[in-house]
Amino acid sequence: MKHKILIMAVLLFAILIGGIGGFAINSFLYDKSTIVKTERKENNEQFGEDDEKDDELSRQGTIARIDYPLIDIYFDKNKNYKVTIKEFGNSQEIYKEYKDKGDFFQFNKEKFSILTVPSGRGTTPKYILRVEEENECIKTIDCIEIRTDF
């Protein structure tokens, strides 16, 4: 019985010393001055403003993020498209609407950004954005702010 207690005490002591030693070594090896900050190149003035606003939102601890909902859609120049923004909960009244041929949206999709919040986090969006191709819905996304340059 005494041998078991002695073995347990030695093991506990070894684990304790190992943990303290690992913590001490890690704090000496980890040098905070080696963190590399990358610089963003501003290709477009609006992207620079969006990056600044996104950084500001991150510092404030908010879950809102800037999104470009039209970027991942290919707009065929021969088809008609409609981007509709409706107030959340009021599905009949249109807040803003953009109708045009696909080439307009294809060349201006970087000028359209929104502020989004992840769904299911207890947040209620202010608007619902809907993208239609020839009267068929191809994308729907919740947002709290719409920003356009066209």
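Note that the structure is predicted; figures quoted are calculated from it, not measured. (Residues numbered from 1 in each chain as written. Predicted model: local features only at pLDDT ≥ 70, side-chain atom pairs only at ≥ 80, totals over all residues. Heavy atoms only, no water.)

Colleague: When you look at the pattern of salt bridges in this model, what are you seeing that I'm missing?
Modeller: Once the charged atoms of two side chains with opposite charge are near each other, the side chains can pair. Summed over all chains, the structure comprises six salt bridges. In this structure, Lys-82 and Glu-97 form a salt bridge, with 3.9 Å as the shortest nitrogen-oxygen distance. Taken together, the positions of Lys-82 in strand E2 (residues 80-87) and Glu-97 in strand E3 (residues 94-101) put the pair 15 residues apart, joining distant regions of the chain. In this structure, the salt-bridge partner of Lys-82 is Glu-132, at a minimum N-O distance of 3.8 Å. Highlighted residues: Lys-82 in strand E2 and Glu-132 in strand E5 (residues 127-133), separated in sequence by 50 residues. (Salt bridge = Lys/Arg side-chain N within 4 Å of Asp/Glu carboxyl O. Helix = DSSP H or I, 4+ residues; strand = E, 2+ residues; numbered from the N terminus.)

Colleague: Explain the nonpolar core to me, please; I cannot follow it from the model alone.
Modeller: The tendency in soluble globular proteins is for nonpolar side chains to be buried side by side. If you look at the biggest cluster of nonpolar residues, it comprises 16 residues, and the most contacted ones within it are Val-83, Phe-112 and Leu-129. Put simply, the parts of the chain that give this core at least two residues each are E2, strand E4 (112-116), E5 and strand E6 (136-143). In this structure Leu-129 touches Pro-69, Val-83, Thr-84, Ile-85, Phe-112, Ile-114, Lys-139, Thr-140, Ile-141 and Cys-143, once residues within four positions along its chain are discounted. Membership of the second largest hydrophobic core comes to five residues, among which are Ile-66, Tyr-68, Leu-115 and Val-117. (Core = buried A, V, L, I, M, F, W, Y, C linked by side-chain atoms within 4.5 Å. Buried < 20%, exposed > 50% of the residue type's maximum accessible area, 1.4 Å probe, protein only. Contact = heavy atoms within 4.5 Å.)

Colleague: I'm lost on the confidence of the model for the protein chain in this one. Help?
Modeller: Keep in mind that low pLDDT regions are not for reading the predicted coordinates in detail. Mean pLDDT for the protein chain: 78, with 69% of residues reaching 70 or above. Mean pLDDT values for the elements of the protein chain range from 63 in helix H2 (residues 45-60) up to 93 in E2. Considering only residues more than four positions removed or in separate chains, one finds that residues 40-44, a stretch of pLDDT under 50, has five contacts. (pLDDT = per-residue confidence, 0-100.)

Colleague: Help me out: how do you make sense of the packing of aromatic side chains in this one?
Modeller: Describing an aromatic ring pair means giving the distance of the ring centres and the angle of the ring planes. Counted according to the given criterion, the structure contains six aromatic pairs. Between Phe-75 and Tyr-81, the aromatic rings sit 4.8 Å apart at their centres with planes inclined by 80 degrees, giving edge-to-face as the arrangement. We note that Phe-75, like Tyr-81, is buried. Ring centres 6.5 Å apart and planes at 75 degrees place the aromatic pair Tyr-81 and Phe-105 in the edge-to-face group. Of this pair, Tyr-81 sits in strand E2 while Phe-105 sits in helix H3 (residues 102-108), and the two are 24 residues apart along the sequence. Phe-105 sits in the buried class, given a relative accessible area of 1%. Taken together, the ring pairs connect Phe-75, Tyr-81, Phe-104 and Phe-105 into an aromatic cluster. (Phe/Tyr/Trp six-rings, centres within 6.5 Å; stacked < 30°, edge-to-face > 60°.)

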